[in-house]
Amino acid sequence: MALADTLSLDDERVLLTLGARRQRIKVDNFGATLQGFTPVTSTYDQRAWTPMVGLVIKPLAHLSLYANHIQGLEAGTTVGRNYQNAGEVLPPYKTRQFEIGAKLDRGGFANTLSLFQITRPSTVSDRATSPLPTLRLDGEQRNRGVEWAFFGALTRRVRVLGGISYIRGRLTRTQDGADNGNDAPGTAPLAANLGLEWDVPGVAGLTLTGRVIHTGAQYVDNANALRMPSWTRLDLGARYAMRVADKALTLRASVHNLADRRYWEGVYMSRYVSPAAPRTVLVSATMDF
């Protein structure tokens, strides 16, 4: 449940947004046997009020300066099989984000530049237990970065959407302080993407699309002993808009990972990585009634 209000001052040159959210996460964890599921083995039910505040100042007609702060809850990690408490769902993470930035909007094309800091709890491996360590939600990770994004029309037929970000993810609280200051797993310092759309001349309704995604190298574990290499992916596609029985119909087709590259796509917890999907063809149709 969320409640927010925006106050405008000085002929809407200053906008102040204040709000709050009431969030609840309830999880029941069941055991499993050959005969089926056992009764609930653990449960948690947490509620929290989280604030949100944003300020926008428009010194010029096309320029906006902004700052915001928001907090939120996200579901906790499910513990993997290499831990004493395998299968347990850890309590939800409560994140805190601060951001300042600027947006230059010239109508047909816009740029945004932002600086941000995100602090969130993280997991630590308690090796005092046996025969396996226990994964606990007792750490902290801090991400600081800068991001530039742009979008709009380059010409009457060509549109672009892209951006680049640089993030320094740091482990600020780890088990016994052993990994304090290390790079956070799954946080690539460099990430960039560029997408283009081209309306084909002479074929009304036909648009070709392309996208390049690059993610830099990132560490897999808290100790920074394992590192996952960077990867780049190319996606191509097309869409065709027409009218059928006086209804708007859009046909879409796309190919993700056109080169069928094999790579590790990301890290979802310390020492656990996910493989990328192979070349994938997607088709869809949308009709407005």
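The rules behind each value
- Residues numbered from 1 in each chain as written.
- Predicted model: local features only at pLDDT ≥ 70, side-chain atom pairs only at ≥ 80, totals over all residues.
- Heavy atoms only, no water.
- Helix = DSSP H or I, 4+ residues; strand = E, 2+ residues; numbered from the N terminus.
- Buried < 20%, exposed > 50% of the residue type's maximum accessible area, 1.4 Å probe, protein only.
- Contact = heavy atoms within 4.5 Å.
- Areas by Shrake-Rupley, 256 points an atom, 1.4 Å probe, with all protein chains shown as cover.
- Lys, Arg positive; Asp, Glu negative; His and termini not counted.
- Charge placed at Lys NZ, Arg CZ, Asp CG, Glu CD.
- Phe/Tyr/Trp six-rings, centres within 6.5 Å; stacked < 30°, edge-to-face > 60°.
- Lys NZ or Arg CZ within 6 Å of the ring centre and 35° of its normal.
- Core = buried A, V, L, I, M, F, W, Y, C linked by side-chain atoms within 4.5 Å.
- Salt bridge = Lys/Arg side-chain N within 4 Å of Asp/Glu carboxyl O.
- Patch = residues over 30% accessible without salt bridge, like charges linked within 9 Å, V, L, I, M, F, W, Y side chains within 5 Å.
- Pairing = 2+ DSSP bridges.

Trainee: Hey, could you go over the overall build of the protein for me, with residue numbers and the actual values?
Mentor: Helix and strand content of the protein: zero helices and 17 strands. A total of 289 residues make up the protein; the buried ones form 31% of that total. In the protein, the share of contacts with a sequence separation of at least 24, taken over all contacts with a separation of at least 6, comes to 53%. Counting only carbon and sulfur atoms, one obtains 58% of the accessible surface of the protein, whose full area is about 17600 Å². Of the side chains in the protein, 34 bear a positive and 25 a negative charge, and the two mean positions are spaced by 3 Å.

Trainee: Any details on the packing of aromatic side chains? Residues and values, ideally.
Mentor: As enumerated under the stated definition, the model contains two aromatic pairs in all. Relative to Tyr263, the ring of Trp231 has its centre 4.7 Å away and its plane inclined at 20°; by these criteria the two rings are stacked. Note that Trp231 is positioned in strand β13 (residues 231-244) and Tyr263 in the loop between β14 (247-256) and β15 (264-269), a separation of 32 residues in sequence. In this pair, the class of Trp231 matches that of Tyr263, namely buried. Positioned above the aromatic ring of Tyr93, the side-chain terminus of Arg120 is 4.4 Å from the ring centre. For the cation-ring pair, Arg227 lies above Tyr219, with the distance from its terminal atom to the ring centre recorded as 5.3 Å.

Trainee: An account of the environment of Ala238 is requested, with residue identities and associated values reported.
Mentor: Structurally, the position occupied by Ala238 is in strand β13. For Ala238, a relative accessible area of 26% puts it in the partly exposed group. Put simply, Ala238 and Val56 are 182 residues apart on the chain and 37 Å apart in space, counted from C-alpha to C-alpha. With sequence-adjacent residues up to four places away left out, Ala238 is seen in contact with Thr207, Leu208, Thr209, Leu251, Arg252 and Ala253.

Trainee: I'd like a description of the nonpolar core, backed by residues and values.
Mentor: Listed in full, the six residues of the largest apolar core are Ile25, Val27, Tyr44, Ala48, Leu73 and Val89. Of all the elements in the fold, those that place two or more residues in this core are β2 (14-33) and β3 (36-60). Look past the residues within four positions of Val89 in its chain and what remains in contact with it is Val27, Asn29, Tyr44, Gly76, Thr77 and Thr78.

Trainee: How would you explain the pattern of salt bridges if you had to name every residue and give the values?
Mentor: A full pass over the atoms with the stated rule returns 12 salt bridges. A salt bridge links Arg47 to Asp45, with the shortest nitrogen-to-oxygen separation between them at 3.7 Å. Overall, Arg47 belongs to the partly exposed group, its relative accessible area being 45%. In this structure, Asp246 and Arg243 form a salt bridge, with 3.6 Å as the shortest nitrogen-oxygen distance. Taken individually, Asp246 and Arg243 each receive the classification exposed, so the pair is uniform in this respect. In the salt-bridge network here, residues are joined through shared partners; they are Arg159, Glu197, Asp199 and Arg239.

Trainee: Let's hear about unusual backbone geometry: which residues, and what values?
Mentor: Ser130 connects to Pro131 through a cis peptide bond whose omega is 5°. Residue placement: Pro131 occurs in the loop between β6 (109-126) and β7 (134-153). One non-glycine residue, Asp176, lies in the positive phi region at around 60°. On the secondary structure map, Asp176 appears in the loop between β8 (158-173) and β9 (190-199). Of note in the backbone geometry, Ala245 takes a positive phi value of approximately 55° without being a glycine. Tracing the backbone through its elements, the reader meets Ala245 in the loop between β13 and β14.

Trainee: Break down a nonpolar patch on the surface for me, citing the residues and quoting the values.
Mentor: On the surface, a cluster of nonpolar side chains totalling about 700 Å² of accessible area is made up of Ile100, Leu113, Leu115, Val146, Trp148, Ile164, Tyr166 and Leu190. The set of elements that each furnish at least two residues to the nonpolar patch consists of β6, β7 and β8.

Trainee: Break down the pairing of strand β10 (residues 206-215) for me, citing the residues and quoting the values.
Mentor: Two strands pair when backbone bridges link them, and β9 and β10 are joined in this way by nine bridges, in the antiparallel orientation. Note on β10: the bridge partner recorded for Leu196 is Gly210. Counting the residues that bridge the hairpin from β9 to β10 gives six residues, and of these Gly202 lies at a positive phi of roughly 85°. Relative to β13, β10 is paired through 10 bridges, and the arrangement is antiparallel. Its bridge partner lying in β13, Val212 is registered against Leu234.

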